[in-house]
There are 2 protein chains.
Amino acid sequence: MKNHFSFIGVADGPWQVTSCEAIVGSPLETVARISVLNPPDAYVEASATWALRAFTSNVRYAERGEIKQLRAKQASLNRPSACCAALIPIKKNDAWWAMAQDERRSILEVQSRHIEIGLQHLPQIARQLYHSRDIGGPFDFLTWFEFAPEDGDSFNSLLAKLRASAEWEYVEREVELRLERDARC
Amino acid sequence: MKNHFSFIGVADGPWQVTSCEAIVGSPLETVARISVLNPPDAYVEASATWALRAFTSNVRYAERGEIKQLRAKQASLNRPSACCAALIPIKKNDAWWAMAQDERRSILEVQSRHIEIGLQHLPQIARQLYHSRDIGGPFDFLTWFEFAPEDGDSFNSLLAKLRASAEWEYVEREVELRLERDARC
């Protein structure tokens with residue numbers, strides 16, 4: 001399926017892992033490199049240290065006005081200048097998933113300004129969300145970010161604002177992998 | 001994965017197919033019986049006429065007040081009296097999936113009263129929604145309904161109201177299978 005991806009921890013691959021830190025909960029085994037398979041390939045995954053499968057989907061929270069603002073500002077992945085990346089797998093707790101749609105939206109945007117915070121860092125920080133809760137695995141989401149080395153401080157600021165938000169009280173596991181693309185950084 | 005199911009069209013199985021009608025778009029091949037696998041089993045699926053995989057997930061549209069009303073009235077599946085069932089696979093068009101969350105919610109409930117219409121038929125018509133768009137396959141959703149024979153008119157009325165709604169203008173394929181549980185109807 002073309003909307004399904006597998007992020008695999010490997011010895012050889014295009015993205016060098018410069019750090020792998022558990023922010024909340026248990027860590028992921030440290031690996032030298034990350035490769036992204038689209039679609040997933042069980043044969044290739046079998047030789048990886050770990051594989052995290054996830055899929056892109058329709059918008060779950062953003063409203064039309066927010067989508068217009070995002071589209072006006074956002075950059076795509078694979079910009080030549082964006083040789084830095086981060087892969088951040090997150091698992092939210094049962095209390096989050098037991099909430100109604102309006103309750104989750106209220107925490108995500110009314111209280112936490114998740115979408116607005118992301119907008120503040122566009123177009124420098126490109127972002128792609130992948131879902132994994134519905135297909136099992138240890139995390140609910142994987143978010144992939146790409147940015148140029150000079151925008152590293154902007155990315156750190158984005159993470160700090162999100163982690164200080166009410167939404168993050170529902171995060172029970174979070175791992176942060178920092179990556180660099182070979183021979184480009 | 002325990003939230004994943006496979007609905008298979010087979011020669012032998014617990015649910016007898018009494019009708020299989022294409023409401024919009026192309027039909028499904030008619031089968032004698034339906035069996036439900038949880039979890040899916042590729043070996044069993046290989047011997048079926050067709051297999052539709054889908055998963056249960058968190059609430060996507062219902063707000064807290066609506067969930068309270070639903071929980072207060074709804075019945076569970078597998079009631080001994082509910083020997084009639086229906087399996088209704090649906091695919092919505094690209095325009096639906098391109099909409100923002102607030103736009104889809106507005107059509108689903110503000111304009112179409114989808115949740116309210118369902119509430120009007122509780123507890124007689126038990127319902128379980130399964131998602132399949134994110135894992136591929138020919139439909140986006142499968143909905144499974146169970147009811148007693150004397151509530152067949154109530155179920156027909158529920159379907160008529162939903163199909164007359166603004167939400168159904170976005171349905172590009174819909175098949176309706178009516179089922180009876182062996183030796184119980």
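Residues numbered from 1 in each chain as written. Chains lettered and ligands numbered in written order. Predicted model: local features only at pLDDT ≥ 70, side-chain atom pairs only at ≥ 80, totals over all residues. Heavy atoms only, no water.

Asks: Quick question: what am I supposed to make of the overall build of chain A here?
Replies: Regarding its fold elements, chain A presents 6 helices and 8 strands. For 185 residues, the compact-globule formula gives about 16 Å, and the C-alpha radius of gyration of chain A, at 16 Å, lands near that figure. Principal axes of the C-alpha set define a box for chain A whose edges measure 45 × 35 × 30 Å. The buried share of chain A, reckoned over its 185 residues, is 52%. In chain A, the proportion of contacts linking residues at least 24 apart, taken out of those at least 6 apart, comes to 78%. Looking at chain A as shown, the accessible area adds up to about 8500 Å², and 49% of this sits on carbon and sulfur atoms. Here chain A holds 22 positive side-chain charges and 25 negative ones, and the gap between their average locations is 6 Å. (Helix = DSSP H or I, 4+ residues; strand = E, 2+ residues; numbered from the N terminus. Rg over C-alpha atoms; globule rule 2.2 N^0.38 Å. Buried < 20%, exposed > 50% of the residue type's maximum accessible area, 1.4 Å probe, protein only. Contact = heavy atoms within 4.5 Å. Areas by Shrake-Rupley, 256 points an atom, 1.4 Å probe, with all protein chains shown as cover. Lys, Arg positive; Asp, Glu negative; His and termini not counted. Charge placed at Lys NZ, Arg CZ, Asp CG, Glu CD.)

Asks: I keep staring at the confidence of the model for chain A and nothing clicks. Help me out?
Replies: Confidence in the prediction for chain A averages 96 pLDDT; 99% of positions are at 70 or higher. The complex prediction reports pTM at 0.96, with the ipTM value standing at 0.94. (pLDDT = per-residue confidence, 0-100.)

Asks: Would you mind going over the packing of aromatic side chains with me for this structure?
Replies: Each aromatic ring pair is summarised here by two numbers: the centre-to-centre distance and the angle between the ring planes. All names here are of chain A. One pass over the full model with this rule turns up 16 aromatic pairs over all chains. With a centroid separation of 5.0 Å and 65° between ring planes, the pair formed by Phe5 and Tyr130 is classed as edge-to-face. Of the two residues, Phe5 sits in strand E1 (residues 4-10) while Tyr130 sits in strand E6 (residues 126-131), which places them 125 residues apart along the sequence. Given the relative accessible area of 14%, Phe5 is considered buried. Judged by relative accessible area, Tyr130 falls into the buried class, the value being 6%. (Phe/Tyr/Trp six-rings, centres within 6.5 Å; stacked < 30°, edge-to-face > 60°.)

Asks: For this particular structure, what's the right way to read the interface of chain B and chain A?
Replies: It is common to report an interface's size as the accessible area lost on association of the parts. Listed by partner, the interface residues are 26 residues for chain B and 26 residues for chain A. Interface of chain B and chain A: buried area, both sides summed, is about 1900 Å²; carbon and sulfur atoms make up 43% of it. Applying the counting rule to chain B against chain A returns 4 salt bridges. Two residues, Asp134 of chain A and Arg60 of chain B, come together in a salt bridge whose shortest N-O distance is 3.1 Å. Of all the elements, helix H4 (residues 101-111) of chain B adds the most residues to the side of chain B that touches chain A, at 4 residues. (Buried area = accessible area lost by both parts, 1.4 Å probe. Salt bridge = Lys/Arg side-chain N within 4 Å of Asp/Glu carboxyl O.)

Asks: Any chance you could explain the pattern of salt bridges here in plain terms?
Replies: It is possible for side chains of opposite charge to pair when their charged atoms get near one another. Going through the model one piece at a time under the given rule, you end up with 22 salt bridges over all chains. The residue Glu176 of chain A makes a salt bridge to Arg178 of chain A at a minimum N-O spacing of 2.7 Å. Looking at Arg178 of chain A, the relative accessible area reads 18%, which means it is buried. Across the pair Arg163 of chain B and Glu174 of chain B runs a salt bridge whose closest N-O atoms are separated by 2.9 Å. You can see Arg163 of chain B sitting in helix H6 (residues 152-163) and its partner Glu174 of chain B sitting in strand E8 (residues 171-181), a full 11 residues away along the chain. On the basis of relative accessible area, Glu174 of chain B is assigned to the buried category, the value being 1%. Where salt bridges share partners, they join Arg163, Glu174, Glu176 and Arg178 of chain A into one cluster.

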